Amino acid sequence: MRETMLIIRREFRERVASKSFLVGTLLFPLLMIALIFLPRLVGRGGTQWDLALVSEAPAGVTDIFERLLTAPPETDDANRYRLERVEAPIATARERLAPRLESEALDGYIALPADVLQTGTIVFRARKGVSFDVVRELRSAGTRAVQTERLRESGIDASAVAALVAPVKIDEARLTEGGEQRGGALSTFLTAYIVAFLIYIMTTLYGVAVMRSVLEEKTNRIAEVLMSTIRASALMAGKIIGVGSAAVVQVLIWVAITALVVNVSPRLGGGFSLPEPMLQALNVAPATGVLLFLYFLLGFFLYASIFAIVGAAVTSEQEAQSVQFLALIPMIAPMLFLETILNAPLGGVAIALGLIPFTSPVTMPMRMASTQIPALEVAISLTLLAIGIVAIAWVAGKVYRVGILSTGKRPSLAELVRWVRSA
């Protein structure tokens, strides 16, 4: 135990004291904050559009269209339109407006044809790039204007029709032990995606760190000196736990920064307010948070042991890079079934992937983000994951003991089996 603690302290200090750890701990959350807030801040303030309106349509269509498009915007992000009516046939107006478009006196023109009630088509030409929002707003104004005029000609009250066809709203909430928990499909997806992404990234980064540490000591012959005084199993366990401790510290710092941002952003208001689905996604119950952290921790130990096997078996960094992808395939597999897991978190595929130790660290958090998983199933999943860690760690210790001192040709699968049997 004393030998293992020495290795744990050495691996922990080596990573926490490095500049890359400090930069990654601070830079990652800053980049995430920038990705969330910067587009909203930069995008604030809609674009002013100066357009000519050429209409051969019925007067009612033209008036409604102009009133809807030039109405004061509800938010600062909305586009603003200034329309200038041009009384001329559309073909003639195009020729008259061409010089003004070239001189940038106008941004474009809108033409309402005489048969707009039959064809439902309006013409829009612009001299600058058009965003999806502009097309959507023009389509919305044109649709409402044409539909209102069609209903008027049919002798039907437009407001009565609007009331009859008003869409149904869904007041959605999930029943939990603590009561109703608000959140829709978008917040569920965000929760599952954030958790799965964090577990995958942290396990990959720090698992690869274990592999490279083993490989470095093997290629530099440092392991021969260490193993003269420390048992191979203690050396490997110290590496995994020491590197894992550094990962835990980094994750806890990220969680603290996230909690601070979530608490402060509503007070700042404006573009600094987080969207409601994201707030719901980050609102995780304490018990669920403990389980998510436990799956992250156990998943890391499992894959760190696998990476330790890779580091002890290969002979160079190039070989390690080609083999480590195969080790990550089971962790990537749940992401391929993301839609299936979210749509049917209690289905057969989700249950199977949640019980397999190699896929449960990513699958179970995604399932818990979608629905409440039975406690017995969670207990079985964690038990199988723990058994998987013990089994892989046992195999890793055997391979580590022989492979750490082996150089030259990369061993085949049959040779790895002989290493396990003979160690």
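An account of the accompanying structure is given in this report. All figures in this text were calculated on a predicted structure; none of them were measured in a lab.

**Here's the deal with the overall build of the chain**
Counting secondary structure elements, the chain contains 18 helices and 6 strands. Total accessible area computed for the chain in this model is approximately 22800 Å², and 63% of it derives from carbon and sulfur atoms.

**Focus on the pairing of strand β3 (residues 108-112)**
Burial runs high along β3: 5 of the 5 residues are buried. Burial of β3 is two-sided: the residues Gly108, Ile110 and Leu112 facing one way and the residues Tyr109 and Ala111 facing the other way are all buried. In the sheet, strand β1 (residues 48-55) pairs with β3 via 5 bridges, with the strands oriented parallel. Residue pairing across strands places Leu53 opposite Ile110, the latter belonging to β3.

**A look at the sheet that holds β3**
Spatially, 4 strands are ordered β2-β1-β3-β4 in an open sheet, and the strand pairing comes out mixed. Single-partner strands in this sheet number two, and they are β2 (80-86) and β4 (123-126). Direction aside, the axes of adjacent strands within the sheet are offset by 25 degrees on average.

**Section: the nonpolar core**
The biggest cluster of nonpolar side chains holds 59 residues, and the ones touching the most others in it are Met202, Tyr206, Val210, Tyr295, Phe296 and Phe307. Elements with a minimum of two residues in this core: α8 (185-219), α10 (232-268), α12 (286-313), α13 (317-336), α14 (338-343), α15 (348-355), α16 (360-370) and α17 (375-403). It is α12 that contributes the most residues to this core, 14 residues altogether. Beyond its immediate sequence surroundings of up to four residues, Phe296 is in contact with Ile199, Met202, Thr203, Ala247, Val248 and Val251. Of all hydrophobic cores here, the second largest spans 20 residues; its members include Ala57, Val116, Phe124 and Ala141.

**Comments concerning the pattern of salt bridges**
Applying the stated criterion across every chain, the model contains 9 salt bridges. As a salt-bridge pair, Arg82 and Asp50 come within 3.0 Å of each other at their nearest N and O atoms. With Arg82 in strand β2 and Asp50 in strand β1, the pair connects residues that are 32 residues apart, well separated along the chain. The salt bridge involving Asp133 is made with Arg136; its shortest N-O contact spans 3.3 Å. With a gap of 3 residues between them, Asp133 and Arg136 both fall in helix α6 (residues 132-153), about one helical turn apart.

**So, the packing of α12 against α13**
Packing of α12 against α13 brings their axes to within 10 Å, and their N-to-C directions diverge by 155 degrees. In terms of orientation, α12 lies roughly antiparallel with respect to α13. As α12 packs across α13, the resulting crossing turns out to be right-handed. Where α12 abuts α13, its residues Tyr303, Ile306, Phe307 and Val310 lie against Ala320, Val323, Gln324, Ala327, Leu328, Pro330 and Met331. Classifying every residue of the contact of α12 with α13 by side-chain character gives 10 nonpolar, 1 polar and no charged.

**Some details on a nonpolar patch on the surface**
A grouping of Val23, Leu27, Leu31, Met32 and Leu35 is seen on the molecular surface, where their side chains present a nonpolar patch of about 450 Å² in accessible area. Relative to the helices and strands, Leu31 resides in helix α2 (residues 19-42).

**A short note on helix α4 (residues 90-102)**
Given a rise of 1.5 Å per residue, 13 residues ought to cover 18 Å, and the 18 Å separating the end C-alpha atoms of α4 matches this to within 8%. A bend of about 35 degrees at Arg96 is the largest found in α4, and the proline Pro99 appears one to four places after it. Looking only at α4, the buried set comprises Ile90, Ala93, Leu97 and Leu101.

**Points about unusual backbone geometry**
Although it is not a glycine, Glu104 sits at a positive phi angle of roughly 65 degrees. With respect to the helices, strands and loops of the structure, Glu104 is situated in the loop between α4 and β3.

**Brief notes about the packing of aromatic side chains**
One pass over the full model with this rule turns up 3 aromatic pairs. Relative to Phe296, the ring of Phe293 has its centre 6.1 Å away and its plane inclined at 45 degrees; by these criteria the two rings are tilted. Taken together, the residues Phe293 and Phe296, both in helix α12 and 3 residues apart, mark about one turn of the helix.

**Looking at the packing of α15 against α16**
At a closest axis distance of 7 Å, the pairing of α15 and α16 adopts a crossing angle of 135 degrees. Our classification of the angle between α15 and α16 gives oblique. Once α15 is placed against α16, the crossing between them reads as left-handed. Contacts from Ala350, Ile351, Leu353 and Gly354 in α15 reach Ser360, Thr363, Met364 and Arg367 in α16. Grouping the amino acids of the contact of α15 with α16 by side-chain chemistry returns 4 nonpolar, 3 polar and 1 charged.

The rules behind these values
- Residues numbered from 1 in each chain as written.
- Predicted model: local features only at pLDDT ≥ 70, side-chain atom pairs only at ≥ 80, totals over all residues.
- Heavy atoms only, no water.
- Helix = DSSP H or I, 4+ residues; strand = E, 2+ residues; numbered from the N terminus.
- Areas by Shrake-Rupley, 256 points an atom, 1.4 Å probe, with all protein chains shown as cover.
- Buried < 20%, exposed > 50% of the residue type's maximum accessible area, 1.4 Å probe, protein only.
- Pairing = 2+ DSSP bridges.
- Axes fitted to C-alpha atoms, helices over the stretch in contact; angles between N-to-C directions.
- Core = buried A, V, L, I, M, F, W, Y, C linked by side-chain atoms within 4.5 Å.
- Contact = heavy atoms within 4.5 Å.
- Salt bridge = Lys/Arg side-chain N within 4 Å of Asp/Glu carboxyl O.
- Parallel < 35°, antiparallel > 145°, perpendicular 65-115°, else oblique.
- Left-handed = near helix turned anticlockwise from the far one by under 90°.
- Nonpolar A, V, L, I, M, F, W, Y, C, P; charged D, E, K, R; others polar.
- Patch = residues over 30% accessible without salt bridge, like charges linked within 9 Å, V, L, I, M, F, W, Y side chains within 5 Å.
- Expected span 1.5 Å × (residues − 1).
- Bend = angle between axes of the 7 residues up to and from the residue.
- Phe/Tyr/Trp six-rings, centres within 6.5 Å; stacked < 30°, edge-to-face > 60°.

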